Amino acid sequence: MEDAGRFKTERWSIEVAGGRIAALHPAGTPAPTGRQFIDASRLLATPGFVNCHSHSPDNLARGIAGDLPLELWSLTSSAARERRSHQEIYISTMLGAIEMMRSGTTAVLDHVRISPDIDAGALDAVASAWRDSGMRAVIAPIVSDRSIIDTLPFDAGDLVGLDLASYGSRPPVPACEQMAIVDAFFRRWNGEAGARISVAIGPSGPQRCSDKLLVAAADFSRRHETLLHTHILETRLQREMGLKLYGRGMIAHLEGLGLLTPRTNLVHAIWLEPDDAARIAAADATIIHNPVSNARLGSGYCPLPDLLGRGIRVGLGTDSACCNDGANLLETMKWAALLHNLKSDDEEDWIGPQTALKLGTSSGADAIGLKTTGRLEAGYDADITFFRLDAPAFRPLNDAPRQLVLSENGSAIDRVMIAGRIVVSNGRATAIDEAAIWSEAQVFADRRRTEGAAARAAAHVLEAPIRGMRKRYAKLWAGGCACH
């Protein structure tokens, strides 16, 4: 249980009714007559984990992208997403649901990126998969209206003579049409599946959106009282692009447009300006920290200790299975607990497992607007993960929260409950034919490898210009200069 921000281990009997935790009784209290009783005396119950940032269409692309920085990695990942069928998108979403539930995650924010253009049927496929899986999901369709070449700080000569029509300079769907699709999607799906499905808005990132689209997204968030979830300042080149576009930092620009509010999720937030943390704190906006993908792509360190020290709300995300190579929030919590030890030799600055567990449960739920999950308390949703104490991570049992975060990887999970329903038992998802999903996913992946050559070729036209741009900026940074 969480008490004053710290987790402690106590023995309780948990009464579940109507999908919620009805009460916590002292251990040994007899079960009410006629009610189902689960003997959890040898189990550790925790709140279901909350994954605050994922991209479901990328689950089919696990393992395809090499060890590359974001701007080069994205050429491979974006080509892999090109023109997926609705069934591919459904299966891709189901892959993520299986992995997340089997590692204890009960709620997710899905930042849905449909390539090349947002599509109503594709969004419905995503929502249908989350509904069918049994998970709790906030779906934030990605919108963007700048061509790829207009989102990176190229010089005038970088792109001369290149054929960019089929990828780099492909015109986007007009902003008004994209927002109309998301509005209609909100009307179809928000509050569905017993309120397990909710809909937000997901601008891809300020550098990928016109100000008109950003303002429209902010208006959507205000009108529907829902989240605005956006990538920001993930790489140093993105910081440079923001300065080039706006003549000031991206956070200041969003503030000027009215996009910094308590409903705003800022994903990554690595390359902040000196006064950005104060702006974020004043607006009561939220940071979504993705330590594994940040390390995988060499993007940098999110200044997590400073952000938490200022009282800024923070949640954790796994990010894409194509740049994390998994969707296990236990792994992400361990990285969050330990990564910042490398930035300071003062242990007072370290995050540690207690804080990491809070970020992966109650803080994560708050970050993505799920006010009734993420805690083992009466009145909260019965989203609960049960671990076997008879497992290597907990033998001997000395400090359950510490051992959960630093020792466990999901192999000790006995069962997972969402809204009072068992969705994982004996290591398997109960409502999904896992073997059928995996088989169909393999067919799609095999087909994509043979049929996706044209998309890969079109995207990789930009590889040489991006490498040249990176070298140019690296020289400037090494000399202590910045190209604004």
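Coordinates for the structure precede this section.
The structure presented is a predicted model; accordingly, all values stated were derived computationally and were not measured.

Moving on, we get to the side chain of Asn265. Examined against the element boundaries, Asn265 turns out to sit in strand S12 (residues 264-268). Take Asn265: its relative accessible area is 0%, and that puts it in the buried class. Of the polar contacts made by the side chain of Asn265, one reaches the side chain of His229; its length is 2.9 Å. Leave out the neighbours within four places in its chain, and Asn265 touches Leu109, Leu227, Leu228, His229, Thr230, Thr286, Ile288, Ala367 and Ile368.

Next up on the list: the sheet that holds strand S17 (residues 421-425). As summarised here, the arrangement of the 5 strands in space is S5-S15-S16-S17-S18, forming an open sheet in which the pairing is antiparallel. Here the strands that pair on one side only, and so sit at the sheet edges, are strand S5 (43-47) and strand S18 (428-429). Relative to strand S15 (residues 384-388), S5 runs antiparallel, the two being bridged by 5 bridges. Its bridge partner being in S15, Leu44 is matched across the sheet by Phe387.

Taken in spatial order, the 4 strands of this open sheet run S11-S12-S13-S14, and their pairing is parallel. The sheet terminates laterally at strand S11 (228-232) and strand S14 (313-316), the two strands that pair on one side only. Neighbouring strand axes in the sheet, compared pairwise and without regard to direction, differ in orientation by 30° on average. In the sheet, S12 pairs with strand S13 (residues 286-289) via 3 bridges, with the strands oriented parallel. From the neighbouring strand, Asn265 faces S13, where its bridge partner is Thr286.

Criteria and thresholds
Residues numbered from 1 in each chain as written. Predicted model: local features only at pLDDT ≥ 70, side-chain atom pairs only at ≥ 80, totals over all residues. Heavy atoms only, no water. Helix = DSSP H or I, 4+ residues; strand = E, 2+ residues; numbered from the N terminus. Buried < 20%, exposed > 50% of the residue type's maximum accessible area, 1.4 Å probe, protein only. Polar contact = N/O pair within 3.5 Å; in protein donor to acceptor, adjacent residues only side chain to side chain. Contact = heavy atoms within 4.5 Å. Pairing = 2+ DSSP bridges. Axes fitted to C-alpha atoms, helices over the stretch in contact; angles between N-to-C directions.

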